[in-house]
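Commentary on secondary and tertiary structure
Take a look at the letters that make up each chain.
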Amino acid sequence: MKKSYTYIMTNKHRTTFYIGVTADLKERITAYQSGIGSKFTTKYNLTELVYFEEFTNINEAISREKQLKNWKKDWKINLIKKLNPKLETLEI
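Because the structure is predicted, anything quoted here is derived from the model rather than measured.

Details of unusual backbone geometry
- With a phi angle near 60 degrees, Arg-14 is a residue other than glycine that sits in the positive phi range.
- The exposure class assigned to Arg-14 is buried, which follows from its relative accessible area of 17%.
- A positive phi is found at Leu-87, a non-glycine position, where the angle reads about 55 degrees.
- Along the chain, the position of Leu-87 falls in the segment after helix 4 (73-83).

Okay, structure coming up:
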């Protein structure tokens, strides 16, 4: 089965977060870093990947994305810190 991902992007100051879903995480991150991502990520310069989850079913990734988008900002930050305590930019 093809992999899919739910991911969280942020800016260099870690003040704004964007949650998305994709089947090709590396391609999506490259698009954001090139300034050809969504209007929201471009507007807030969200070019740094700080968190992702891998799924074998795209529907599970979409469901997780919807769940995370309803979370409070503090909850999202705490989730990220469980796997990435210093909120460092992840390399793919």
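Overview of the sheet that holds strand 2 (residues 17-22)
- If you trace the 3 strands from one edge of the open sheet to the other, you get 2-1-3, paired in antiparallel fashion. Each edge of the sheet is formed by a strand with only one pairing partner; in this case those strands are strand 2 and strand 3 (48-55). Within the sheet, the average angular offset between the axes of one strand and its neighbour, ignoring direction, is 20 degrees.
- Looking at chain direction, strand 1 (residues 4-10) and strand 3 are connected through 7 bridges and run antiparallel. By the bridge assignment for strand 3, Thr-10 is matched with Glu-48.
- With respect to the sheet, helix 3 (residues 58-69) is in contact with strand 1, strand 2 and strand 3, its orientation differing from that of strand 2 by roughly 165 degrees.
- Sheet strands touched by helix 4: strand 1, strand 2 and strand 3. Its angle to strand 3, the strand with the most contacts, is close to 80 degrees.

What about the side chain of Asn-84?
- With respect to the helices and strands, the residue Asn-84 is situated in the segment after helix 4.
- Owing to a relative accessible area of 4%, Asn-84 belongs among the buried residues under this scheme.
- The residues contacting Asn-84, other than those within four sequence positions of it, are Val-50 and Leu-90.

Cut-offs applied
- Residues numbered from 1 in each chain as written.
- Predicted model: local features only at pLDDT ≥ 70, side-chain atom pairs only at ≥ 80, totals over all residues.
- Heavy atoms only, no water.
- Buried < 20%, exposed > 50% of the residue type's maximum accessible area, 1.4 Å probe, protein only.
- Helix = DSSP H or I, 4+ residues; strand = E, 2+ residues; numbered from the N terminus.
- Pairing = 2+ DSSP bridges.
- Axes fitted to C-alpha atoms, helices over the stretch in contact; angles between N-to-C directions.
- Contact = heavy atoms within 4.5 Å.

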